[in-house]
Amino acid sequence: MLKELLQGKWLGHPVHPALVHVPMGLLPAALVFDILSRVSDSSTGGAGAAMAVTSFYCIAAGLIVCLLAAPAGMADWLQIKPNRPAHGMGLWHMGLNVLGLVLWAVNLGLRWNRLGEGAHVPVAGLVLSVLGTGLLVVAAYLGSRMVFGQGIGVARFSKEKWKRIAAAGGARLP
Amino acid sequence: MSVRDLLQGKPLGMPLHVAIVHFPIALFTLSVVLDVAGFAGGGSAVVRGAEYTLLFGLIGAALAAVPGFADYTSIRRDHPARATATWHMALNLTSVVLYAVSLGLRWGRFDEQRAPVWPFALSVIGLVVMGVSGYLGGELVYADGIGVGRHRRRAPMPQRTITVDAAAADATGFVPIASVDAISDGKTARVDVGGTVMTLVRVNGEVCAFQEFCTHRCGPLSEGSVEDGQIRCPWHNSRFDVRSGKVTHGPAKVDLKVYETQVRDGQVWVRAGAPSTTSPAPGVAAREQRPSAGSERPEAGTDDDAKVHPERHLPSTSPIELEGRRPE
């Protein structure tokens, strides 16, 4: 069923955290390339222009993977019982990510037709990159607290393996 | 807080390695994508972009490797996931070498209209190797719980399991484990007595022993944190009273098996056989010392014992054998 597919049962562990590596790396990298492009030679063929192009592709690729990561994340979140702290954390995580997604999409739209020129990244683009990265970092931190603080997704698909180890160790089982 | 604690991201509440690793993963991937775009006629800017992303990816990889290694050194030598972690490290190093050579071969060639073939091939192989390694990283966290809840733990984690043969038991069935000083307050020990795996903690001077595996999803209690006389499982925060094994906070619903301990001349002894669910009442203690033939006196909570260890109620000569853990 779709939910199990999105939750990564076929992979043996959640898919959402694997997918988010891409935007989580590329979007802040876009910000770095934005900054570098503005301090570099921005004539056509110059380092600055190359940075701007790289930044563009970082955002585009990041956003495409975001669109895949989102439904997987939703499938994971639906698994969390409403009384758990992680449920509320997940809601914030989702909200901040959606807001960030909108900002990055606008950012990409701003640059869309300017790609061929040797221009550096426009100020508005840089500002959106800063805001978008900020939102992303906060949302990602929440996500990491959900995993490493609350154990969301941990041992979800490896229950049987651990039960075997526990039984062999004489433990009372769940 | 030690350097290792900092590198492991304890102040952050999550492993630093995991936070940083996004950058090399994403950048290396993008580098290959840009190479492909370069082949498709994207022009020199794209080719240069591929070089820059490779370079930043390598910097990111170097930054990620250091905390990653700090994480690696925390994994118990006999942990089931130790081999996976070693593979993860080896594959990562391999992919980094491949990327570094790829970059070295093409560095400075900024006017190319398309990526040079051999470096591109190396990048692609590096990507595949990194993909496998990344998968293993996911297994380490989500299947094996590595690093989960570790930031709550102040004391170092057990480096190894103290393994004792059940044959070392004395006449009363107790086996010597370690000196009391080895288990300081807040620290845990992981002990295997003839196959029965337990966690030992010391709370208010008293040494308590209970099953190692959480009754929620079998998380490692020896890697948990001790607070207010309770052990907290690092995975999903179930909490149990260290003396009675009773679950005090979910999501676990089943009490832990507890094992009797004794301190003799500064040495901790435990008894793996005939575990009790609560502090032993006088009648129960007497029964454990005189295993009698066939008499069934079920106490609360032993029904599931019977399911897991059906041989528990058979007559035998020593309490250890009640567990039926003798190698076949």
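Going along each chain's sequence as written, the residues are numbered from 1 onward. As they are written, the chains are lettered A onward and the ligands numbered 1 onward, keeping that order. The predicted nature of this model means local features are confined to residues of pLDDT at least 70 and side-chain atom pairs, given and counted, to a pLDDT of 80 or more, with totals for whole chains, interfaces and linings taken over all residues.

Student: Can you walk me through the interface of chain B and chain A in this structure?
Tutor: Put simply, an interface is often sized by how much accessible area is lost when its parts join up. Our contact criterion uses C-beta atoms placed from the backbone: two residues qualify when those atoms are within 7 Å. At the junction of the two partners, chain B supplies 54 residues and chain A supplies 44 residues. Here a strand is any run of E in DSSP of at least two residues, a helix any run of H or I of at least four, and the numbering for each starts at the N terminus. Where the side of chain B that touches chain A is concerned, the elements lending two or more residues are helix H2 (16–20), helix H3 (22–39), helix H4 (44–72), helix H6 (117–143), strand S4 (196–203) and helix H8 (302–308) of chain B.

Student: Looking at this structure, how should I read the confidence of the model for chain B?
Tutor: Any region with low pLDDT has predicted coordinates that should not be read closely. Residues and elements named next belong to chain B. This prediction gives chain B a mean pLDDT of 82; 82% of its residues lie at or above 70. Per residue, pLDDT captures the predictor's confidence, and it can take any value from 0 to 100. Within chain B, the element-level pLDDT minimum falls on helix H7 (residues 282–289), averaging 39, and the maximum on strand S8 (residues 239–241), averaging 97. Among the scores for the predicted complex, ipTM is 0.90 and pTM is 0.84.

Student: Explanation requested: the sheet that holds strand S7 (residues 230–232) of chain B in the structure shown.
Tutor: Strand pairing within a sheet occurs via backbone hydrogen bonds; the two strands may be parallel or antiparallel. Residues and elements named next belong to chain B. Two strands are said to pair when DSSP picks up at least two bridges between them. In spatial order, the strands read S6-S7-S8-S9; together these four strands make up an open sheet with antiparallel pairing. Looking at which strands have only one partner, the edges of the open sheet turn out to be strand S6 (225–227) and strand S9 (247–249). When the angles between neighbouring strand axes are averaged without regard to direction, this sheet yields 35°. In the sheet, S7 pairs with S8 via three bridges, with the strands oriented antiparallel. All axes here are fitted lines through C-alpha atoms, helices being fitted over the stretch that makes contact, and every angle between N-to-C directions spans 0 to 180 degrees.

Student: Can you help me understand the domain arrangement of chain B in this one?
Tutor: All names here are of chain B. By convention here, the domain bounds are inherited from an automatic or database domain assignment. Here the domain parsing of chain B yields domain 1 (3–151) and domain 2 (156–323). Of the residues lining the interface, eight residues belong to domain 1; the matching set on domain 2 comes to eight residues. Here the term charged refers only to Asp, Glu, Lys and Arg, the term nonpolar to Ala, Val, Leu, Ile, Met, Phe, Trp, Tyr, Cys and Pro, and the term polar to all other amino acids, Gly among them. Along the lines of polarity and charge, the residues of the side of domain 1 that touches domain 2 split into one nonpolar, three polar and four charged.

Student: I keep staring at the pairing of strand S5 (residues 206–211) of chain B and nothing clicks. Help me out?
Tutor: The two faces of the sheet receive side chains in turn, since in a regular strand these alternate between them. Residue and element names in this part refer to chain B. Exposure classes come from backbone-placed C-beta atoms, where a residue is buried if 20 or more other C-beta atoms lie within 10 Å of its own, exposed if 12 or fewer do, and partly exposed in between. Burial runs high along S5: five of the six residues are buried. Taking the residues that link successive antiparallel strands as the turn, the S4-S5 hairpin has two residues, and the phi of asparagine 204 there is positive, at about 50°. Sheet topology note: the S5/strand S10 (residues 258–264) ladder contains two bridges and is antiparallel. For phenylalanine 210, the partnering residue across the bridge sits in S10 and is valine 258.

Student: Sorry, what's going on with unusual backbone geometry here?
Tutor: In terms of backbone geometry, most residues other than glycine have negative phi values and most peptide bonds are trans. Residues and elements named next belong to chain B. Here the amide bond leading from glycine 250 into proline 251 is cis, since omega sits at 15°, within 30 degrees of zero. With respect to the element layout, proline 251 can be found in the loop between S9 and S10. Although it is not a glycine, asparagine 204 adopts a positive phi angle of roughly 50°. Tracing the backbone shows asparagine 204 in the loop between S4 and S5. The phi torsion at aspartate 228 lies on the positive side, around 50°, for a residue other than glycine. Inspection of the secondary structure assignment puts aspartate 228 in the loop between S6 and S7.

Student: Can you walk me through helix H2 (residues 16–39) of chain A in this structure?
Tutor: Every α-helix carries 3.6 residues per turn, so stepping three or four residues along brings you back to the same face. Given the number of residues in a helix, its expected span is that number minus one, multiplied by 1.5 Å. Its 24 residues place the ends of H2(A) 35 Å apart at the C-alpha level, agreeing with the 34 Å of an ideal helix rising 1.5 Å per residue. Among the 24 residues that make up H2(A), 20 are buried, leaving the element largely enclosed by the rest of the structure.

Student: When you look at the packing of H2(A) against helix H3 (residues 47–77) of chain A in this model, what are you seeing that I'm missing?
Tutor: Between two packed helices, what matters for the description is the angle formed by their axes and the separation of those axes. All names here are of chain A. Relative orientation of the contacting elements H2 and H3 amounts to 155°, with a least axis distance of 7 Å. Here H2 is positioned roughly antiparallel relative to H3, judged by the angle of their axes. Of the two possible hands of crossing, H2 and H3 adopt the one that is left-handed. Roughly parallel covers angles under 35 degrees, roughly antiparallel covers those over 145, roughly perpendicular covers 65 to 115, and oblique covers all other angles. Each crossing gets its handedness from the near helix: less than a right angle anticlockwise from the far helix is left-handed, clockwise is right-handed.

Student: Is there a simple way to think about the packing of H4(B) against helix H5 (residues 82–106) of chain B in this case?
Tutor: Residues and elements named next belong to chain B. Here H4 crosses H5 at 155°, and the two axes come no closer than 10 Å. In this view, H4 runs roughly antiparallel relative to H5, as classed from their interaxial angle. Our pair here, H4 against H5, has a crossing hand that is left-handed. Contacts between H4 and H5 involve Glu51, Leu54, Leu55, Gly57, Leu58, Ala61 and Tyr72 from the former and Ala85, Met89, Val96, Tyr99, Ala100, Ser102, Leu103 and Arg106 from the latter.

Student: Teacher, can you tell me more about the nonpolar core here?
Tutor: Note on soluble globular proteins: their nonpolar side chains tend to be buried together. We define the nonpolar core as any set of buried residues of the types Ala, Val, Leu, Ile, Met, Phe, Trp, Tyr and Cys, connected via C-beta atoms lying within 7 Å of each other. Core analysis: the largest hydrophobic core is formed by 127 residues, its most contacted members being Leu26(A), Ala29(A), Cys58(A), Ala26(B), Leu200(B), Phe210(B) and Val270(B). Among the elements that take part in this core, H3(A) stands out by supplying 14 residues, more than any other. Each of domain 1 (3–151) and domain 2 (156–323) of chain B contributes no fewer than three residues to this core. If sequence neighbours within four positions are ignored, Cys58(A) has contacts with Leu26(A), Leu27(A), Ala29(A), Ala30(A), Phe33(A) and Leu30(B).

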